[in-house]
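So the chains spell out like this:
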Amino acid sequence: MSIRSDVAPSTLPVELLEEGVQVEYLDGRTTLYRGVPQKAEGTLTAAPGKEVHVLVTDPEGTEGVMLYVNDRKTHDDILESTGVGRIVLDGGEAEEIFPGVTVATPDGMRCRIQADLDVARGRVFVFVEDDWGEESYELVDE
């Protein structure tokens with residue numbers, strides 16, 4: 001089984017806390033994306049070499065779906081057991097991952113996330129990280 005395949009996400013419990021955004025996986029473990037998410041108007045482009053996780057929640061932020069973008073490290077079985085999905089895009093590709101939320105790799109190195117919140121009908125968070133740090137964003141209307 002290839003670890004580079006798309007994996008469909010499951011709906012996961014989410015909690016918006018003062019210290020960040022917490023996601024509970026299907027296996028009962030939780031992860032905390034630290035820090036109050038910075039506001040990004042409509043579109044966010046991550047720098048090359050960063051891990052990008054997109055979380056789309058209901059309007060209240062109590063449940064949502066999480067997708068790893070171009071993750072090539074996590075095995076399919078792990079993603080399926082946690083409920084996290086994955087999308088793998090080649091350079092120049094774009095895909096609507098949820099109504100109103102599109103992920104693209106315009107130059108093959110950077111990841112661009114766009115959201116039309118009227119269509120998405122919820123909140124869109126993007127977590128960008130590498131070995132040196134993590135950043136949290138919430139896409140908002142322009």
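Draft legend 1. Molecular detail of the pattern of salt bridges. Taken as a whole, this structure holds eight salt bridges when the rule is applied. Two residues, R86 and D71, come together in a salt bridge whose shortest N-O distance is 3.3 Å. Here the residue R86 occupies a position in strand β8 (residues 85-87), and D71 occupies one in the loop between β7 (63-69) and α1 (76-82), the gap between them amounting to 15 residues. There is no split in this pair, since R86 and D71 are both buried. In this structure, the salt-bridge partner of R110 is D107, at a minimum N-O distance of 3.5 Å. A cluster of three or more residues bridged by salt bridges with shared partners is formed by K39, R123 and E138.

Draft legend 2. Examining the packing of aromatic side chains more closely. In total, this model carries two aromatic pairs according to the counting rule given. With 3.8 Å between their ring centres and 15° between their planes, Y33 and F127 make a pair best called stacked. With Y33 in strand β3 (residues 30-34) and F127 in strand β12 (residues 123-130), this pair connects stretches of sequence that are 94 residues apart. F127 carries the same exposure label as Y33, and that label is buried. Summarising the aromatic geometry, the rings of F125 and F127 are spaced 6.4 Å apart at their centres and angled 5° between planes, so their arrangement reads as stacked. For F125, a relative accessible area of 1% gives the class buried. Relative accessible area serves as the criterion here: at 0%, F127 is assigned to the buried category. In textbook terms, an aromatic cluster arises when at least three aromatic residues are bridged by ring pairs, as seen for Y33, F125 and F127.

What counts and what doesn't
For every chain, the first residue of its written sequence is number 1, and the numbers climb from 1 along that sequence. Reporting of local features is limited, given that this is a predicted model, to residues whose pLDDT is at least 70; pairs of side-chain atoms are given and counted only at 80 or more, and all residues count toward the totals for whole chains, interfaces and linings. Hydrogens and water are ignored here; the side-chain numbers use all heavy atoms of the structure. Any Lys or Arg side-chain nitrogen found within 4 Å of a carboxyl oxygen on Asp or Glu counts as a salt bridge. Every helix listed is a DSSP run of H or I at least four residues long, and every strand listed is a run of E at least two residues long, numbered separately from the N terminus. Type-normalised accessible area, obtained with a 1.4 Å probe on protein chains alone, sets the label of each residue: buried when under 20%, exposed when over 50%, and partly exposed for intermediate values. Between rings of Phe, Tyr and Trp, where Trp is taken as its six-membered ring, a pair exists when centres lie within 6.5 Å; planes separated by under 30 degrees are stacked, by over 60 edge-to-face, and by other angles tilted.

Nothing here speaks to function; it is geometry throughout.
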